[in-house]
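Understanding the architecture of this molecule
Chain by chain, the residues run as shown.
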Amino acid sequence: MMADALRIGVYVCHCGTNIAGVLDTADLARFASGLPHVHVARDYKYMCSEPGQELIRQDIREYGLNRIVVAACSPHLHEATFRKVLQEAGLNPYLLAIANIREHVAWITADRESGQKRARAQIAAAVGRVARQRPLEPSSYPVTPRVLVVGGGIAGIQAALTLADAGKEVILVEREPTIGGHMAKFDKTFPTLDCAACILTPKMSAVKEHPRIRLLTYSEVESVQGSAGRFKVKVRRRPRYIREDLCVGCLQCIEACVFKALKIPNEFDLGLAKRKPIYLPFPQAVPPVPVIDPQTCLRLRTGKCKQTCVEACADRQAIDFEQQEWIEEYEVGAIIIATGFRTFDPTPLAYYGYGRFPEVYTALEVERLLNASGPSGGEIVLRDGATPRVVGIVHCVGSRDHNYHPYCSRVCCMYALKLAHLIRERCGAEVYNFYIDIRAPGKAFEEFYERTQKEGVHFVRGKVGEVERLSTNGDGLRLMVTVEDSLLGRVRKIPVDMLILAVALEPAEGAEQVRQLFHISCSSEGFFLEKHPKLAPVNTASDGVFIAGACQGPKDIPDTVAQADAAAAQALALIDRGVVEAEPNIAWVDENVCSGCRVCVSLCPFDAITPDEEKQVAVIDPTLCKGCGTCVAACPSGAAHQDLFSTEEILAELEGILAQ
Amino acid sequence: MQCGLCTSSCPLGDAMEYPPRRIIAEAWNNSLERVIHSPSVWMCVGCYTCSLRCPREIDLTDTVWPAVRDYALQEGIQPPPELRTAFQNLYLYGNVFGYSPRKRLDWARNLEVTVRDLSKSPEPVEVLWLVGCYPSYHPRNQVVARDMARILTALGVRWGILGKEERALGDCDRLFGEEGLFEMLVENNRRLFERFKFEKIVLLDPHAYRALEKFYPRFGASFPAEHYTTFLASRLDQIRPWLKKPINARVTYHDNCCVGRRCLCFDPPRQLLQAIPGVELVEMKRNREHALCCGGGGGGMWLDAFITEHGGRRLSDVRIQHALETGADILAVSCPFELSRFEDAVKVARAEDRLKVRDIIELLADSMGLGEGGGR
Ligand SMILES: Cc1cc2nc3c(=O)[nH]c(=O)nc-3n(C[C@H](O)[C@H](O)[C@H](O)COP(=O)(O)OP(=O)(O)OC[C@H]3O[C@@H](n4cnc5c(N)ncnc54)[C@H](O)[C@@H]3O)c2cc1C
Ligand code: SF4
Ligand code: SF4
């Protein structure tokens, strides 16, 4: 395009007071109108609003503009909005440049004068670059109508069922031998006190029975390739030494195991109950297929055992000691990550005595005790078999604490109230809640708080600083809790028989590997980061990868389920569109210049580059390239180029910045 | 956030009219003038438990309490008289006892190993050893000083001391709000240290070590320093061949607050003890970051009567019970204050025949065949 044919329009947004409160937007527009090829420059309160958009469309029509610069917020937020505006007005959408004068200038500048200068520089840079931008056509490809869901807690279960009910195929990968996640451990759920099993187990079996869900338990995703619409994933399947296709779930093998007594701490019960080497984590597990633990099974450990389990299985022949790990491959169009959380280990807080005193429990352990199918059949009994008469619950253990997790774990106050209620109901014990602030902001939460107060649960405002184990006047051993009752303004010593620690929720084990595997980001705490906290709460920085549930941050079941359905809807939107338009910012290699040195091949983080042995040049697969630009920067011969980020465009941008 | 964890963690929190949380609340409310008249102001023993645990990382021990005390002193409030005397002595003589600086070398009289007194003949040394006030003047601690001199010499370390020129480093008075006195000591010590050539400073007193590590650099006085426990533990390979004489005893170790909670250094002292043949190390129910303070820090050393009056107990007496519960024969310490505090507490508990209090240095020296047997 000839330079004199360029007609650029510049639009400076006030963003309410976000920008205009710091920068003089009228001055910026005046400044822009003096830049080369600029025909129109305006400022307006909200460029992204309908009148703002219409302003651009009108000018394009009226003045025959053929390049647009919007000086506003980050392109992450509204680049797509304004590209659509160009398209609607008949322009190629890639003839747009955004000058980010909000995040890069207004929000981070206290000094107006230097801010104004920097905003001018940003605008000049965008005008310089847009003049060199070329019309681009995005490539498009069909979407594989199948979704991978990682994690089979309530989030993963809900998302999988919604998608499968909508007619999509789902691959559900769960690391444990059963799905259900944390919710499967609970007896009742706040605030409604619904029985967890009654609302969860039907969903679990629906997953198993659904013709469109392929359930892969005891498995983990090994690798992911490709991009939104066409991912290739490999799933590593761990051997349970029992063939899922042959097992009928009669559990006679467990009965028959040579281990007559239960000896091994059951992981699902957090060690509060014991199991055999061959076991089902809990009676309602899905799939109802036992697992053999190779660490403790005599046959697997020593090769020597009567193998009474095999006898019991008889002609079903489901037990297979030769089973090895294997890999399965799937193609999917979208991915939902729902790997949940784990609870904080309070052992480092030595003053709470967890691990030192048998009377100190984590809340999750108590959930197991309360569970009707748990280790004590739902009775609140201490490790020595006694029923506690006084129970203390310490809030915020590991939460709201800069030494551990500065954030509030959101559900602990409520589950503490739930535990208090259930404990009073089951054994009539006095219950003390040691809290900092009661956070009950959900629907019917405050009412639940009030209800527990009326039930006679005690509330002491203060964090426990010391727990000792004393014998009090012939009462046997009791814990003595030291707390400052900050409402009374004095230190109190309260004897209890059982102390429950309301432990924080933290990112699940292995969250960091999951993050790297799927190329998503996380917050400083390690929870997965949404693309935008308000406008894209289940999207991630990786297109086609969505997040749901507690892996994104601590949350309760209602919020988890809502988010799971939101993620399912986003996945559906992607799949039902049928095609994916790729951002045309991909890199390509000029075959005439490439020396075949292969520097780029190993550097590409997405394995998109392969050497063409015959021509001795590097070839970039446009369907795998994500436009990160690594190869372009690395190429020693300058053979690699990237659309939307050509050297010309970048130099023009720099010139614009430096000229100011 | 007013969680009160500081108060409930404080070994004297229940006895304070204005415990740490309350002080923050009063400061918010601009009513600190109420606080400064209360005995609470002088009750913090600088154990650092609250600071270490505070979920908002508020540095109560080393910042809030000194500020409150500084404010009290500025308002003309008199600290308890015992303390006034101690600080006057510090100001006049550079030690809390009020002894003459010339007597600083008394501990080394008749010592068979050579003592390089740099104040007399300056020469470059590897280790500048700050002996400290207690080991210089206090008879029980003088034994420890002599044993240390023997160990350093046996290890072939080129060490020297400052003799009559050595002065206290001033940690306790800083905590006590005597910021001015502290600054004066820092300035004097900085000028003093700069006159000599050494690779590092080694100290017996954990409080002084901590002051040198954390507060001196704020006044531009940065010197490489180590507490003797880490210094010796880093040379354990060299020490081991010397450790021939078994000490057949159950030993429990009391973490001092400065090397322990403040510097989170818990292993070196234990490594030293475990290297001694015959020693069976047992832990008290509260150990490492959870250890209970001996009550001697932050001026507490001089305020036993005052704190007992207002707090109803002496922490060293409580702590001795913890040690006795373990059934240990020896309570090992690594702080000059503790030696005297705990020996006294053992007497109060009438447990002299069951429990001995000994510095790690003494135990090492005994096993190396060099010790005088202090406290045995
Ligand atoms: C003690 C306690 C009591 C609670 N009580 C209530 C209550 O009464 N009401 C309420 O609303 N909320 C309650 N909650 C919160 C509730 O537990 C969560 O909202 C809910 O469990 C979140 O579901 P999720 O599926 O996101 O995560 P999870 O339940 O943690 O499920 C995640 C699943 O992903 C799997 N997984 C993890 N990593 C991988 C991987 N790399 N690959 C494959 N699979 C993986 C896990 O094995 C697990 O099955 C409570 C929480 C606690 C700690
Ligand atoms: S100072 Fe720290 S520990 Fe004390 S009340 Fe405030 S936040 Fe809690
Ligand atoms: S430092 Fe120790 S004594 Fe002082 S207020 Fe904090 S916890 Fe109490």
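Given the structure is predicted, the values throughout are model-derived calculations rather than measurements. (Residues numbered from 1 in each chain as written. Chains lettered and ligands numbered in written order. Predicted model: local features only at pLDDT ≥ 70, side-chain atom pairs only at ≥ 80, totals over all residues. Heavy atoms only, no water.)

1. Quick look at the overall build of chain A
A count of helical and extended segments in chain A gives 17 helices and 34 strands. Counting only C-alpha atoms, chain A reaches 95 × 70 × 40 Å along its principal axes. Relative to its 660 residues, chain A shows a buried fraction of 54%. Within the structure as shown, chain A displays about 28,600 Å² of accessible surface, and the carbon and sulfur contribution to it stands at 51%. Computing the positive centroid from 73 side-chain charges and the negative centroid from 81, chain A places the two 3 Å apart. (Helix = DSSP H or I, 4+ residues; strand = E, 2+ residues; numbered from the N terminus. Buried < 20%, exposed > 50% of the residue type's maximum accessible area, 1.4 Å probe, protein only. Areas by Shrake-Rupley, 256 points an atom, 1.4 Å probe, with all protein chains shown as cover. Lys, Arg positive; Asp, Glu negative; His and termini not counted. Charge placed at Lys NZ, Arg CZ, Asp CG, Glu CD.)

2. Regarding the site of ligand 3
Around ligand 3, the neighbouring residues are Cys10, Pro11, Pro20, Cys44, Val45, Gly46, Cys47, Tyr48, Cys50, Thr61 and Trp65 of chain B. Looking at side-chain class alone, the shell around ligand 3 contains nine nonpolar, two polar and no charged residues. (Near = heavy atom within 4 Å. Nonpolar A, V, L, I, M, F, W, Y, C, P; charged D, E, K, R; others polar.)

3. As for helix α2 (residues 20-28) of chain B
All buried positions along α2 of chain B are accounted for by Pro20, Arg21, Ile23, Ile24 and Glu26 of chain B. Structurally, α2 of chain B contributes buried residues whose contacts are with β25 (477-485) of chain A together with α1 (5-9), α3 (32-35) and α5 (60-74) of chain B. Asparagine 30 of chain B sits one or two residues past α2 of chain B and shows a positive phi near 60°. (Contact = heavy atoms within 4.5 Å.)

4. With respect to the environment of lysine 443 of chain A
One can find lysine 443 of chain A in the loop between β22 (430-435) and α12 (445-454). Separated by 115 residues in sequence, lysine 443 of chain A and proline 558 of chain A have C-alpha atoms that sit 9.8 Å apart.

5. Concerning the domain arrangement of chain A
Each assigned domain of chain A is listed here: domain 1 (3-136), domain 2 (252-312), domain 3 (342-506) and domain 4 (587-643). Here the C-alpha centroids of domain 2 of chain A and domain 4 of chain A sit 53 Å apart. (Domains from an automatic or database assignment.)

6. With respect to the site of ligand 2
Residue and element names in this part refer to chain B. Neighbouring residues of ligand 2: Met1, Gln2, Cys3, Gly4, Leu5, Cys6, Arg21, Ile24, Cys54, Pro55, Ile58 and Leu60. Residue assignment for the shell around ligand 2 shows that the elements contributing at least two residues are α1 and α2. By residue class, the composition of the shell around ligand 2 is nine nonpolar, two polar and one charged.

7. Points about the side chain of threonine 362 of chain A
Residues and elements named next belong to chain A. Residue placement: threonine 362 occurs in strand β20 (residues 360-362). Look at threonine 362 and you get buried, because its relative accessible area is 7%. Sequence-distant contacts of threonine 362, defined by excluding residues within four places in its chain, comprise Pro346, Tyr354, Ile500, Leu501 and Val503.

8. Quick word on the interface of chain B and chain A
Each partner contributes residues to the interface: chain B has 21 residues there, and chain A has 21 residues. A buried area of about 1,800 Å², summed over both sides, lies between chain B and chain A, and 49% of it is on carbon and sulfur atoms. At the boundary of chain B with chain A, the tally comes to three salt bridges. Put simply, chain B and chain A have 15 residue pairs in polar contact (both at pLDDT 80 or more) between them. Where the side of chain B that touches chain A is concerned, the elements lending two or more residues are α1 and α4 (49-53) of chain B. Top contributing element to the side of chain B that touches chain A by residue count: α1 of chain B, with four residues. (Buried area = accessible area lost by both parts, 1.4 Å probe. Salt bridge = Lys/Arg side-chain N within 4 Å of Asp/Glu carboxyl O. Polar contact = N/O pair within 3.5 Å; in protein donor to acceptor, adjacent residues only side chain to side chain.)

9. Remarks on the domain arrangement of chain B
Residue and element names in this part refer to chain B. Per the domain assignment, the segments making up chain B are domain 1 (5-74), domain 2 (81-233) and domain 3 (236-367). Placing a centre on the C-alpha atoms of domain 2 and another on those of domain 3 gives a separation of 22 Å. If you look at the interface, domain 2 gives 31 residues, while domain 3 gives 38 residues. Carbon and sulfur atoms supply 72% of the area that domain 2 and domain 3 bury against each other, a total of about 3,100 Å² over both sides. Considering only the surface of domain 2 that becomes buried against domain 3, Tyr134, Arg140 and Leu155 emerge as the three largest contributors, covering 17% of it. At the junction of domain 2 with domain 3, the criterion picks out two salt bridges. The salt bridge partner of arginine 140 is glutamate 343, with a shortest N-O separation of 2.8 Å.

10. Some thoughts on the state of the cysteines
Residues and elements named next belong to chain A. With the rule as written, the count across this model stands at one disulfide over all chains. No disulfide involves cysteine 522; its sulfur sits 11 Å from that of cysteine 551, the nearest cysteine. Here cysteine 522 falls in the partly exposed class, since its relative accessible area comes to 25%. We note that cysteine 594 lacks a disulfide partner, and the nearest cysteine sulfur, in cysteine 600, lies 6.5 Å from it. A relative accessible area of 17% means that cysteine 594 is categorised as buried. (Disulfide = S-S within 2.5 Å.)

11. Points about unusual backbone geometry
Backbone torsion omega between phenylalanine 190 of chain A and proline 191 of chain A reads -10°, so that peptide bond is classified as cis. Within the fold, proline 191 of chain A resides in the loop between β8 (188-189) and β9 (194-195). The peptide bond linking valine 286 of chain A to proline 287 of chain A adopts the cis configuration, its omega dihedral lying at -5°. Mapped onto the elements, proline 287 of chain A comes out in the loop between β15 (278-279) and β16 (291-292). One non-glycine residue, cysteine 15 of chain A, lies in the positive phi region at around 50°. If you trace the backbone, cysteine 15 of chain A turns up in the loop between β1 (8-13) and α1 (25-33). You will see that asparagine 30 of chain B, though not glycine, has its phi angle at about 60°, which is positive. The class of asparagine 30 of chain B is exposed, set by a relative accessible area of 67%.

12. Digging into the sheet that holds strand β11 (residues 219-227) of chain A
Residues and elements named next belong to chain A. Spatially, the three strands line up as an open sheet ordered β11-β12-β17, and their pairing is antiparallel. Taken across any chain shown, the strands that pair with only one partner, and hence form the sheet edges, are β11 and β17 (326-332). Looking at each pair of strands side by side, their axes are set apart by 20° on average, direction ignored. Judged from the eight bridges that link them, β11 and strand β12 (residues 230-237) form a sheet pairing that is antiparallel. (Pairing = 2+ DSSP bridges. Axes fitted to C-alpha atoms, helices over the stretch in contact; angles between N-to-C directions.)

13. Considering the pairing of strand β32 (residues 609-612) of chain A
In this structure, β32 of chain A lies alongside strand β33 (residues 617-620) of chain A, joined through four bridges in antiparallel fashion. Residue pairing across strands places isoleucine 609 of chain A opposite isoleucine 620 of chain A, the latter belonging to β33 of chain A.

14. As for the side chain of histidine 14 of chain A
Residues and elements named next belong to chain A. In this structure, histidine 14 sits in the loop between β1 and α1. Looking at histidine 14, its side chain comes within polar contact range of the side chain of aspartate 43, at 2.8 Å. For histidine 14, the residues in contact, after removing those within four places along its chain, are Ile19, Ala20, Thr25, Asp43, Tyr44 and Lys45.

15. Regarding the packing of helix α2 (residues 50-63) of chain A against helix α3 (residues 75-88) of chain A
Residues and elements named next belong to chain A. At a minimum axis separation of 9 Å, α2 and α3 run at an interaxial angle of 35°. Considering only the axes of α2 and α3, their crossing is right-handed. Contact residues: Gln53, Ile56, Arg57 and Ile60 in α2; Thr81, Phe82, Val85, Leu86 and Glu88 in α3. Class assignment for the residues of the contact of α2 with α3 results in five nonpolar, two polar and two charged. (Left-handed = near helix turned anticlockwise from the far one by under 90°.)

16. Describing the packing of aromatic side chains
The final tally for this structure, using the stated rule, is 20 aromatic pairs over all chains. Measuring from ring centre to ring centre gives 4.3 Å for phenylalanine 268 of chain A and phenylalanine 282 of chain A, while their planes differ by 10°; the resulting arrangement is stacked. Taken together, the residues phenylalanine 268 of chain A in the loop between β13 (264-265) and β14 (274-275) and phenylalanine 282 of chain A in the loop between β15 and β16 connect sequence positions 14 residues apart. Comparing phenylalanine 268 of chain A with phenylalanine 282 of chain A shows no difference in burial state: the two are buried. Measuring from ring centre to ring centre gives 5.4 Å for tryptophan 107 of chain B and tryptophan 129 of chain B, while their planes differ by 65°; the resulting arrangement is edge-to-face. One end of the pair, tryptophan 107 of chain B, is in the loop between α6 (81-93) and β1 (125-130); the other, tryptophan 129 of chain B, is in strand β1, with 22 residues separating them in the sequence. On the accessibility criterion, tryptophan 107 of chain B (1% relative accessible area) is buried. The buried category is assigned to tryptophan 129 of chain B, whose relative accessible area is 0%. Chaining the aromatic ring pairs together yields one cluster made of Phe97, Tyr99, Tyr134, Tyr137, Trp302 and Phe337 of chain B. For the cation-ring pair, arginine 238 of chain A lies above tyrosine 218 of chain A, with the distance from its terminal atom to the ring centre recorded as 4.2 Å. The side chain of arginine 240 of chain A reaches across the aromatic face of tyrosine 218 of chain A, ending 5.9 Å from its centre. (Phe/Tyr/Trp six-rings, centres within 6.5 Å; stacked < 30°, edge-to-face > 60°. Lys NZ or Arg CZ within 6 Å of the ring centre and 35° of its normal.)

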